[in-house]
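Geometric and topological summary
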Amino acid sequence: MKNTSILAICLLIGCTTAQDPMAMNESDWKEKLTPEQYHILREAGTEAPFENRFDRHFEEGEYSCAGCNAPLFRSAEKYNSGCGWPAFTMPWNENAITRHQDNSLGTLRIEVRCAKCDGHLGHVFTDGPPPTGNRFCINSAAMNFTSSDELNSTNSWAAATFGSG
Ligand SMILES: [Zn+2]
């Protein structure tokens, strides 16, 4: 059922198998990702708290999936939860992530995955601040960061290159 709908989406937007992250097998992922990224994204691992890249990182910009580059979170929704991992009150949009029941620690948690490549990102809890009350607790190694300055210079470069026509 799920594979059928993914195939249907691919046909609709015309993605090729070469660029489709869902078509990558485990050895492709091992080649593309660092061992830590692979452990988190593909084996639902968890990095060490506090000693990770984005826990206390509050630069303005965008966080994307380390597996497939899909945008996942914005700095505007990031806050210091004190839990030791990057925390966000909401995802980029509800289509950016998927939620799954996770009973692996003997207690029900809601796992969060990248909607595009199905990579494990972290969990979402309901003890976050207003207005959402959500705390998306995400592994740093599952994400890449692009600062607002980099985004602006990329956009103006693209506008200068492709807009001058
Ligand atoms: Zn992804």
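As a reminder, the structure under discussion sits directly above these lines.
These numbers were taken from a predicted model, which means no experiment stands behind them.

Once that is clear, we can look at helix α3 (residues 35-43). For α3, every residue scored as buried is listed here: Gln37, Tyr38, Ile40 and Leu41. Contacts made by the buried residues of α3 are with α2 (26-32) and β7 (120-125). Ala44 sits one or two positions beyond α3 and adopts a positive phi of about 55°.

So, about the environment of Cys117. Of note, Cys117 is situated in the loop between β6 (109-114) and β7. Between the alpha carbons of Cys117 and Ile97 there is a distance of 9.8 Å; along the sequence they are 20 residues apart. Those residues in contact with Cys117 that sit more than four places away from it in its chain are Pro21, Met22, Cys65, Gly67 and Cys68.

So, on to the sheet that holds strand β9 (residues 143-147). The sheet built from three strands is open, its strands ordered β2-β1-β9 with antiparallel pairing. Edge positions in the sheet fall to β2 (71-74) and β9, since each has one partner strand and no second. Taken over all neighbouring pairs, the strand axes of this sheet differ in orientation by 30° on average, direction set aside. In this structure, strand β1 (residues 61-65) lies alongside β2, joined through three bridges in antiparallel fashion. Looking at β2, one finds that Glu62 is bridged to Arg74.

Attention shifts here to the nonpolar core. In globular proteins that are soluble, nonpolar side chains generally tend to be buried together. Leu72, Ile138, Ala142 and Met143 are the most contacted members of the largest nonpolar core, which has 25 residues in total. Elements with a minimum of two residues in this core: α3, β1, β2, β4 (87-88), β6, β7 and β8 (135-138). Aside from chain neighbours lying at most four places away, what touches Ile138 is Phe73, Trp85, Pro86, Phe88, Leu121, Gly122 and Met143.

By the bridge criterion, six bridges tie strand β5 (residues 97-102) to β6 in an arrangement that is antiparallel. Across the sheet, Gln101 pairs through a bridge with Ile110, a residue of β6. Direction of pairing for β6 relative to β7: antiparallel, over a ladder of four bridges. In the strand pairing of β7, Arg113 is matched with His120.

Turning next to the sheet that holds β4. What the six strands build is an open sheet, ordered β3-β4-β8-β7-β6-β5; its pairing is antiparallel. Edge positions in the sheet fall to β3 (78-79) and β5, since each has one partner strand and no second.

Moving on: the environment of Asp149. With respect to the element layout, Asp149 can be found in helix α4 (residues 148-162). Between the C-alpha atoms of Asp149 and Glu60, which are 89 residues apart in sequence, the distance is 8.4 Å.

What follows covers unusual backbone geometry. The step from Pro130 to Pro131 runs through a cis peptide bond, and the omega angle for that step is 5°. Relative to the elements of secondary structure, Pro131 occurs in the loop between β7 and β8. Positive phi is not limited to glycine here, since Phe50 has a value of about 70°. Topologically, Phe50 is positioned in the loop between α3 and β1. In the Ramachandran plot, Asn69 falls in the positive-phi region, its phi being about 70° despite a non-glycine side chain. Mapped onto the fold, Asn69 is located in the loop between β1 and β2. Asn69 gets classed as partly exposed once you count the C-beta atoms within 10 Å, which come to 14.

About the criteria used
- Within each chain, residues carry numbers counting from 1 in the order of the written sequence.
- A pLDDT threshold of at least 70 governs which residues receive local features in this predicted model, and a stricter bar of 80 or more applies before side-chain atom pairs are shown or counted, although totals over entire chains, interfaces and linings include all residues.
- With C-beta atoms placed from the backbone, a residue is buried if 20 or more other C-beta atoms are within 10 Å of its own, exposed if 12 or fewer are, and partly exposed between those counts.
- Comment: elements are numbered from the N terminus, with helices defined as DSSP H or I runs of at least four residues and strands as E runs of at least two.
- Note on contacts: each residue gets a C-beta atom placed from the backbone, and two residues are in contact if those atoms are within 7 Å.
- What makes two strands pair is DSSP finding at least two bridges between them.
- Lines fitted to the C-alpha atoms define the axes, with helices restricted to the stretch that makes contact. Angles between their N-to-C directions range from 0 to 180 degrees.
- The term nonpolar core refers to a set of buried Ala, Val, Leu, Ile, Met, Phe, Trp, Tyr and Cys residues connected through C-beta atoms within 7 Å.

Geometric values such as these leave the question of function open.
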